[in-house]
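Overview (structure and organization)
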Amino acid sequence: MIQSIKPYPTYKDSGVVWLGDVPEHWEVSPNRALFVEVKERDHPEDQMLSVTITKGVIPQRALLADSSKKDRSNQDKSAYKVVRPGDIVYNKMRAWQGAVGVSDYQGIVSPAYVVQRPREGVDSRYFHHLLRTPAFAKEAERWSYGITSDMWSLRPEHFKMIYGCFPPLPEQAAIVSYLDHADRRIRRYIRAKQKLIKLLEEQKQSIIHRAVTRGLDPNVRLKRSGVASLGDVPEHWEVRRIRNIAEMRVSNIDKHTKDGEEPVRLCNYVDVYKNERITENLSFMRATALPAEIKRFHLESRDVLITKDSEVWNDIGVPGLVEYTAPDLVCGYHLAILRARRDQLEGEYLLRALQSPSVAYQFHVAANGVTRYGLSHGAIKSVLVPLPPLSEQVAIARDLDDKTASITATINRAQIEVDLLREYRTRLISDVVTGKLDVREAAARLPDKIAELDPLEEVKALVEGDEETEDAGLDAAPEEVET
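**With respect to the overall build of the chain**
- Looking only at helices and strands, the chain features 14 helices and 26 strands.
- Split into buried and exposed, the 483 residues of the chain put 51% on the buried side.
- Contacts spanning at least 24 positions in sequence make up 78% of the contacts within the chain whose residues lie at least 6 apart.
- About 23,500 Å² of surface is accessible on the chain, with carbon and sulfur atoms providing 51% of the total.

**Things to note about the packing of aromatic side chains**
- Applying the stated criterion to the full structure yields 11 aromatic pairs.
- Where Phe35 meets Phe127, the ring centres are 5.3 Å apart and the plane angle is 85 degrees; that geometry is what we call edge-to-face. Linking Phe35 in strand 4 (residues 35-38) with Phe127 in helix 2 (residues 124-130), this pair joins segments that are 92 residues apart in sequence.
- The buried category is assigned to Phe35, whose relative accessible area is 3%.
- Geometrically, the ring pair formed by Tyr269 and Tyr273 is stacked, given 5.9 Å between the ring centres and 10 degrees between the ring planes. Of this pair, Tyr269 and Tyr273 are both found in helix 7 (residues 269-274), 4 residues apart, which corresponds to roughly one turn of the helix.
- Given a relative accessible area of 25%, Tyr273 falls into the partly exposed group.

**Let's talk about the packing of helix 9 (residues 347-355) against helix 10 (residues 357-366)**
- The geometry of helix 9 relative to helix 10 is characterised by a closest axis approach of 5 Å and an angle of 70 degrees between their N-to-C directions. The pairing of helix 9 with helix 10 is recorded here as roughly perpendicular in orientation. Contact with helix 9, carried on its side by Ala353, Leu354 and Gln355, involves Pro357, Val359, Ala360 and Phe363 of helix 10 and no other residues of that element.

**With respect to helix 9**
- Most of helix 9 is tucked away: 9 of the 9 residues are buried.
- Residues of helix 9 that are buried: Gly347, Glu348, Tyr349, Leu350, Leu351, Arg352, Ala353, Leu354 and Gln355.

**Remarks on the sheet that holds strand 16 (residues 246-250)**
- One open sheet holds the 5 strands; their spatial order is 16-24-20-22-18, and the pairing between them is mixed. The open sheet has two free edges, formed respectively by strand 16 and strand 18 (277-278), since each of these has just one partner strand.
- As defined by bridge partners, strand 16 adjoins strand 24 (residues 335-340) across 5 bridges and the pair is classed as antiparallel. Looking across to strand 24, one finds that Arg249 is bridged to Ile337.

**Some thoughts on the environment of Tyr349**
- Residue placement: Tyr349 occurs in helix 9.
- C-alpha separation for the pair Tyr349 and Ala395, spaced 46 residues apart in sequence, amounts to 9.0 Å.
- With residues up to four places along the chain from it excluded, the contact list for Tyr349 reads Val212, Trp237, Val385, Pro386, Leu387, Pro388, Gln393, Ile396 and Ala397.

**Quick notes on helix 12 (residues 390-433)**
- When the terminal C-alpha atoms of helix 12 are compared, their 60 Å separation across 44 residues agrees well with the 64 Å that a helix rising 1.5 Å per residue should span.
- When the local axis directions of helix 12 are compared, the greatest deviation, roughly 50 degrees, occurs at Thr404.
- Just beyond helix 12, the residue with positive phi is Gly435, at close to 80 degrees.

**Brief notes about the pairing of strand 24**
- The buried fraction of strand 24 is high, at 6 of 6 residues.
- Burial of the side chains of strand 24 extends over both faces: Leu335, Ile337 and Arg339 are buried on one face and Ala336, Leu338 and Ala340 on the other.
- Where strand 20 (residues 304-307) and strand 24 come together, 4 bridges link them in antiparallel fashion. What sits directly across from Leu305, in strand 24, is Ile337.

**Thoughts on the pattern of salt bridges**
- Throughout the structure, instances matching the rule amount to 27 salt bridges.
- Its salt-bridge partner being Arg84, residue Glu40 comes within 2.5 Å of it at the nearest N-O pair. Here Glu40, found in the loop between strand 4 and strand 5 (49-52), pairs with Arg84, found in the loop between strand 7 (81-83) and strand 8 (88-91); they are 44 residues apart in sequence, far enough to count as distant.
- For Glu40, a relative accessible area of 26% corresponds to the partly exposed category.
- You can call Arg84 partly exposed: its relative accessible area is 28%.
- One salt bridge connects Asp123 with Arg125, and the closest N-O pair in it is separated by 2.9 Å.
- Residue Asp123 is classed as buried on the basis of its relative accessible area, which comes to 10%.

**As for the side chain of Ser310**
- Note on placement: Ser310 falls in strand 21 (residues 309-310).
- A relative accessible area of 4% means that Ser310 is categorised as buried.
- At 3.2 Å, the side chain of Ser310 forms a polar contact with the side chain of Tyr269.
- Apart from the residues within four sequence positions on either side, Ser310 is in contact with Tyr269, Asp315, Ile316, Arg372 and Tyr373.

**Overview of the environment of Cys165**
- Within the secondary structure layout, Cys165 lies in strand 12 (residues 163-166).
- As for Cys165 and Leu130, which are separated by 35 residues in sequence, their C-alpha atoms are 8.5 Å apart.
- Sequence-distant contacts of Cys165, that is, excluding residues within four places in its chain, are made with Leu19, Val22, Trp26, Glu27, Val28, Tyr126, Phe127, Leu130, Val433 and Thr434.

Reading the values: the criteria
Residues numbered from 1 in each chain as written. Predicted model: local features only at pLDDT ≥ 70, side-chain atom pairs only at ≥ 80, totals over all residues. Heavy atoms only, no water. Helix = DSSP H or I, 4+ residues; strand = E, 2+ residues; numbered from the N terminus. Buried < 20%, exposed > 50% of the residue type's maximum accessible area, 1.4 Å probe, protein only. Contact = heavy atoms within 4.5 Å. Areas by Shrake-Rupley, 256 points an atom, 1.4 Å probe, with all protein chains shown as cover. Phe/Tyr/Trp six-rings, centres within 6.5 Å; stacked < 30°, edge-to-face > 60°. Axes fitted to C-alpha atoms, helices over the stretch in contact; angles between N-to-C directions. Parallel < 35°, antiparallel > 145°, perpendicular 65-115°, else oblique. Pairing = 2+ DSSP bridges. Expected span 1.5 Å × (residues − 1). Bend = angle between axes of the 7 residues up to and from the residue. Salt bridge = Lys/Arg side-chain N within 4 Å of Asp/Glu carboxyl O. Polar contact = N/O pair within 3.5 Å; in protein donor to acceptor, adjacent residues only side chain to side chain.

Shown next as structure tokens:
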């Protein structure tokens, strides 16, 4: 894809730190020369649009479909701002995180958003890519105003003072054409990898479910478990609630500092969600905690952590086994520690039991919430787990390690490839729109016609298969009145 792409022949100093050197024939101008803010209103019947970090501007109905997110917009939408195709829209509170993009749709957005219309000679699709680069996000952060990061706001009067770079209009169009083509190819590769990951996860869960509900002896006599999701279990097994076989501790430690706190490393939600084993190779968040908190939420080897709340219902109850302990390693917020009673339960077996769909289902049906799902302490403690004798727990855990090791390794490799593809895409876009790479010849060789998806189908593909599940940028701007 980039074999024939090289830098431009000559460069000049842009005079702008975040841009660096730019091609000699490119222009560098403040946004006030490129865009005009528009505040058109009184179109309450138009569709609602959302501005997200990972997807830019998309119809709100596509975002809310199959999601726990709810429509938090006002019933009276007469004050909402009109967005026309080609407008650049950004979330004032999230611009520094990348919540900006060009709209392909006619619609309306909350008064808390800013709508910028391109002037003559500006291809807003080019600026869609430029304004979504990590470098611009840092520049937007520098210009944002507020007491804390949760309150930082990029006001229109500051947005117009930020400088950007751009080539002549035909070259802008060529860059957009090339990046669209590259982006479609990369997303196709990502979706293929994610489909593979999903199939492997289903295969792994099937193996685990069979072992933790039936054991290793195919001829064992069975009995009814009394739990619909578990089905029959071996006759000599028990079915016990978590409260009877493990101690639960729910952490309240976050990254904020208070008087008297000491430095710690936090094992947080992402560490558990993305890793079934908590090892010393993970990059733990640096934070502080009170001595009493450190003592209570210190992680011990063989502890099992579970996610206890999430914006997505089926991300509840995801387990991770602690295989590394250190004096300063503690459990972070949004997690619960399950510490097995060693005379009844092996931590390794508990990990596998909680990975079984039959047990995970109990977490999912117990979760409650509207915009964010959570598990009460009682709900966690009440989950029923199949419990073989200790020696059989050890044997099952070892057998599952053997049977799932290659599957887990393949999943991890595929996920690494997905992460690398995303990093490559981000770097490619940044290098092209800031003039570090010249794609004019490559764009000229592209096929005249590229298979296009219907716009809503394209959004559906983005939402389903091409981005991180924990997008913090979902239409999060508050309803506010402009002054």
